[in-house]
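What follows is the residue order along each chain.
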Amino acid sequence: MNELLTAVFSGLGQGSIYTLLALGFVIIYKSMGVISFAQPAFMMSGAILVSYLSPRLGFWVAVVLGGLVVAAVALVVERLAIRPMVGKAVFVIAIITIGVDIIVRVVAGAFVGADPRLVGDPWGLDTWSLGGVQVQQRHVAAFVAAAVIVALLAAFFRSTPIGLAMRAAALDQEAAMAQGVNVGTVFATSWAMAGFLAAIAGVFAAAGNPLDQNLWIVGLAALPVIILGGLDSLLGAVVGGLVIGVVEALVRNYHSDVFPDLATNTGSLAPYVVMLLVLLVRPYGLFGTKEVERV
Amino acid sequence: MTAAPVLQVQDVTLAFGQVTAINGISFDVRPDELFAVIGPNGAGKTSIFNVISGVYRPQQGAVTLHGESLLGRSPADIAHRGVARTFQNIELFSNLTVIDNLMLGRHQHVGYGTLAALAWIGRARSEELRHRRAVEEIIDFLELAAWRAYPVGMLPYGVQKRVELGRALAMDPKLLLLDEPVAGMNLEETEDMARFILDVREDLHVPMIMVEHDMGLVMDLADRVMVVDFGTPITTGTPAEVQRDPRVVAAYLGGDMQHEEALS
Ligand SMILES: Nc1ncnc2c1ncn2[C@@H]1O[C@H](COP(=O)(O)OP(=O)(O)OP(=O)(O)O)[C@@H](O)[C@H]1O
Ligand SMILES: [Mg+2]
């Protein structure tokens, strides 16, 4: 029982990271109808940047500043590489985002260096014991951070002028423009937000361990999340992120009971198995709109 | 009668590749005027609206609102300058409520920023209350009170058309473009809409351009009518003048004959 709960908590922590990443994908998808494959690079850039900033500024200031800098980078990428392509085939823009991802990742990766780098988080691999259940502090922190960010996003989309404009543009771009909504501002804001979210996710993904060049692979798990939750659903990103996180942790935990002879842990595969099942059974995801089935 | 026109469209031509959607059209709309545009399917009526609101950029011609050129401006900019429209196929934000759709019509009048809105402080608060009052007035004006809290996608077709008019009015427009406001409506809904359009002119003094296939409605409501066919202007005049014009009869008869040929 305790073992099960331990796995669930660690899954919720990891799932919170997926949620933050997936929210960025969904925000961009809703504003432009494009999946941005640049999110893993922004995530990695965020973690690397914070590893440089936090010894000087302290962890929390470094996280906020790092998030803002990555948001600014995403803004520039959108303006230079994506905006000129608006109106072209969605497929073409998606390919461009892959190019952006590789470039940003290689540039950022050059700063990882040979010495182990840490994001400077206060948790490391420390745990709390809740009635015998071991909970990693970094997982609790990721969960709390995701909860705060989701609440802020909800308020943003509900009550700010730009948030409402973004919802309008997502529902009907032509009508939104006729109400005076500037779609350029909507695109730019969505990229900046996605960049910020990815950077924060990157910090939590890196917490507790030295940075490595493969950190961006965590970002790929956002794809099963958005397929499960629905490409165009913010709620789907939240629920999907947590579900995928927990499923992955459970499979990882019970792997050796089920497949004692298999050396590779099937936990890392679990999100993608879920993704394939969802694509077969309910291609628009749990909360997605029915028409939104494929990229 | 010499008041400066609100909108002037001069010699506008718009082509999509081989298709000339608008071919040298000129007209103006005067203060308080209800100007109708009629013509067979594919005549270029919606394209005229798309040129005025900045969705399409014509190859030739000029469009000015109160003397200022609209060409080359973005749809958002033109909306900010006071051009509001309804769409031929309803383009409402269908998951949002009537109130929220109308609040979006106020978008361009919103002067407070993101942080002020999140903190719900000072200016954001008083301004939002002001916008809500403006929206409530329109809801009363268009008799939408019963539907105000429903997502518009759930409402009857005729009511959705009215909500779209309401959203356009929420912009405090200087010019209103109505693309087939009664298309697909039953007799009762059509009569309601006609009454609201008249109220808009009489009470709010908003000049309007109306595209409509319902001849009875056009002849009853419009001050002047422009007839277009294949993107080309046939004639412009009062409803009575236009009805007598042999070229109009020919254009419509021609349209009917094509229609019959297509059927046979
Ligand atoms: N975006 C576009 N691309 C290519 N052709 C277009 C485009 N928009 C309009 N057209 C063409 O321009 C012509 C005029 O179309 P428009 O929609 O303005 O007609 P309309 O008078 O509004 O017709 P209806 O009464 O059916 O609404 C048509 O031949 C149409 O196919
Ligand atoms: Mg039309």
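Residues numbered from 1 in each chain as written. Chains lettered and ligands numbered in written order. Predicted model: local features only at pLDDT ≥ 70, side-chain atom pairs only at ≥ 80, totals over all residues.

*Asks:* It is not clear to me how the overall build of chain A should be interpreted in this structure. Could you clarify?
*Replies:* Counting its regular elements, chain A contains 12 helices and 2 strands. Reading the secondary structure of chain A in the N-to-C direction produces α-α-α-α-β-β-α-α-α-α-α-α-α-α. Rg of the C-alpha trace for chain A: 19 Å, near the compact-globule value of 19 Å for 295 residues, within the 12% margin. Per-residue burial for chain A yields a buried fraction of 51% across its 295 residues. (Helix = DSSP H or I, 4+ residues; strand = E, 2+ residues; numbered from the N terminus. Rg over C-alpha atoms; globule rule 2.2 N^0.38 Å. Buried ≥ 20, exposed ≤ 12 C-beta atoms within 10 Å, placed from the backbone.)

*Asks:* What exactly am I supposed to notice about the overall build of chain B here?
*Replies:* Secondary structure summary: chain B contains 10 helices and 10 strands in total. Computed over the C-alpha atoms, the radius of gyration of chain B is 19 Å, within 12% of the 18 Å expected from 2.2 N^0.38 for a compact globule of 264 residues. Seen along its three principal axes, the alpha-carbon backbone of chain B occupies a region of about 65 × 40 × 40 Å. The buried share among the 264 residues of chain B stands at 40%.

*Asks:* Looking at this structure, how should I read the packing of helix 3 (residues 98–105) of chain B against helix 6 (residues 157–170) of chain B?
*Replies:* Describing two packed helices takes the angle between their axes plus the distance from one axis to the other. Residues and elements named next belong to chain B. The interhelical angle for the contact between helix 3 and helix 6, taken along N-to-C directions, is 35°, at an axis separation of 7 Å. The chirality of how helix 3 crosses helix 6 is right-handed. Residues Val98, Asn101, Leu102, Leu104 and Gly105 of helix 3 touch helix 6, and the partners they reach there are Val163, Gly166, Arg167, Ala168 and Ala170. Residues that form the contact of helix 3 with helix 6 fall into these classes: 6 nonpolar, 3 polar and 1 charged. (Axes fitted to C-alpha atoms, helices over the stretch in contact; angles between N-to-C directions. Left-handed = near helix turned anticlockwise from the far one by under 90°. Contact = placed C-beta atoms within 7 Å. Nonpolar A, V, L, I, M, F, W, Y, C, P; charged D, E, K, R; others polar.)

*Asks:* I'm lost on the site of ligand 1 in this one. Help?
*Replies:* All names here are of chain B. Every residue close to ligand 1 is listed here: Phe16, Val19, Ala21, Gly39, Asn41, Gly42, Ala43, Gly44, Lys45, Thr46, Ser47 and Gln88. No other element matches the 3 residues that helix 1 (residues 45–52) contributes to the shell around ligand 1. Each residue belonging to the shell around ligand 1 can be placed in one class, and the counts come to 4 nonpolar, 7 polar and 1 charged. (Near = placed C-beta within 6 Å.)

*Asks:* Even after reading the chapter, I still don't get the interface of chain A and chain B, so can you show me in this structure?
*Replies:* Quite often, the size of an interface is put as the accessible area lost when its parts meet. Taken residue by residue, the interface counts 19 residues in chain A and 22 residues in chain B. For the side of chain A that touches chain B, the secondary-structure elements that each account for two or more residues are helix 5 (137–159), helix 6 (161–171) and helix 7 (173–178) of chain A. With 6 residues, helix 6 of chain A is the single largest residue contributor to the side of chain A that touches chain B. Grouping the amino acids of the side of chain A that touches chain B by side-chain chemistry returns 12 nonpolar, 5 polar and 2 charged.

*Asks:* Would you take a moment to explain the sheet that holds strand 5 (residues 68–69) of chain B for this structure?
*Replies:* Hydrogen bonds along the backbone pair up the strands of a sheet, which may run parallel or antiparallel. Residues and elements named next belong to chain B. Overall, antiparallel pairing links the 4 strands, which are arranged 2-1-4-5 in an open sheet. Among the strands making up the open sheet, the edge pair consists of strand 2 (19–29) and strand 5. Bridge count for strand 1 (residues 7–16) against strand 2 is 8 bridges, and the pairing is antiparallel. The residue of strand 2 that forms the bridge with Leu7 is Val29. Against the sheet, helix 1 engages strand 1, strand 2 and strand 4 (60–65), with an angle of about 65° to strand 2. (Pairing = 2+ DSSP bridges.)

*Asks:* Honestly, the packing of helix 1 (residues 2–32) of chain A against helix 11 (residues 234–258) of chain A in this entry has me stumped. Any pointers?
*Replies:* Residues and elements named next belong to chain A. Look at helix 1 against helix 11: their axes get within 6 Å of each other, and the N-to-C directions meet at 145°. At the point where helix 1 passes helix 11, the crossing takes the right-handed sense. Among the residues making up the contact of helix 1 with helix 11, the classes are represented as 15 nonpolar, 10 polar and 2 charged.

*Asks:* Looking at this model, I keep getting lost on the domain arrangement of chain B. Mind explaining?
*Replies:* Residue and element names in this part refer to chain B. Once the domains are mapped, chain B shows domain 1 (1–82 + 173–264) and domain 2 (92–172). Distance between the C-alpha centres of domain 1 and domain 2: 27 Å. Across the contact, 11 residues belong to domain 1 and 11 residues belong to domain 2. Of all the elements in the fold, those that place two or more residues in the side of domain 1 that touches domain 2 are helix 2 (75–80) and helix 7 (187–204). Per element, the largest residue contribution to the side of domain 1 that touches domain 2 is 4 residues, and it comes from helix 7. (Domains from an automatic or database assignment.)

*Asks:* For this particular structure, what's the right way to read the nonpolar core?
*Replies:* If you look at the biggest cluster of nonpolar residues, it comprises 170 residues, and the most contacted ones within it are A:Leu21 and A:Ala47. Residue contributions to this core peak at 17 residues, all from helix 8 (residues 183–206) of chain A. Looking at which domains feed residues into this core, each of domain 1 (1–82 + 173–264) and domain 2 (92–172) of chain B supplies at least three. The residues touching A:Ala47, leaving out its near neighbours within four places in the chain, are A:Val119, A:Gly202, A:Val203, A:Ala205, A:Ala206, A:Leu211 and A:Leu215. (Core = buried A, V, L, I, M, F, W, Y, C linked by C-beta atoms within 7 Å.)

*Asks:* Explain the pairing of strand 6 (residues 83–86) of chain B to me, please; I cannot follow it from the model alone.
*Replies:* Two faces belong to every sheet, and in a regular strand the side chains alternate between them. Residue and element names in this part refer to chain B. Residues Val83 and Arg85 line one face of strand 6 and the alternating positions Ala84 and Thr86 line the opposite face, and both faces are buried. Bridging between strand 6 and strand 7 (residues 175–179) involves 4 bridges; their strand directions are parallel. Opposite Val83, over in strand 7, you have Leu175 as the bridge partner.

*Asks:* What should I look at first to understand unusual backbone geometry in this one?
*Replies:* All names here are of chain B. Residues other than glycine seldom take positive phi values, yet His66 does so here, at roughly 50°. Secondary-structure assignment places His66 in the loop between strand 4 and strand 5. Notably, Glu180 is not glycine yet its phi reads approximately 55°, a positive angle. In this structure, Glu180 sits in the loop between strand 7 and helix 7.

*Asks:* So what exactly am I meant to see when it comes to helix 3 of chain B here?
*Replies:* An α-helical turn contains 3.6 residues, so any two residues separated by three or four positions project in the same direction. Across the 8 residues that make up helix 3 of chain B, a large majority, 7, are buried. Along helix 3 of chain B, the residues classified as buried are B:Val98, B:Asp100, B:Asn101, B:Leu102, B:Met103, B:Leu104 and B:Gly105.

*Asks:* It is not clear to me how the sheet that holds strand 6 of chain B should be interpreted in this structure. Could you clarify?
*Replies:* All names here are of chain B. Pairing within the open sheet is mixed, and its 6 strands lie in the order 6-7-8-3-9-10. Looking at which strands have only one partner, the edges of the open sheet turn out to be strand 6 and strand 10 (232–237). Across the sheet, the mean angle separating the axes of adjacent strands is 15° when strand polarity is ignored. Relative to strand 8 (residues 208–211), strand 7 is paired through 4 bridges, and the arrangement is parallel. In the sheet register, Asp179 faces strand 8, and the bridge partner there is Val211. Set on the sheet, helix 6 makes contact with strand 6 and strand 7; between it and strand 6 the angle comes to about 175°.

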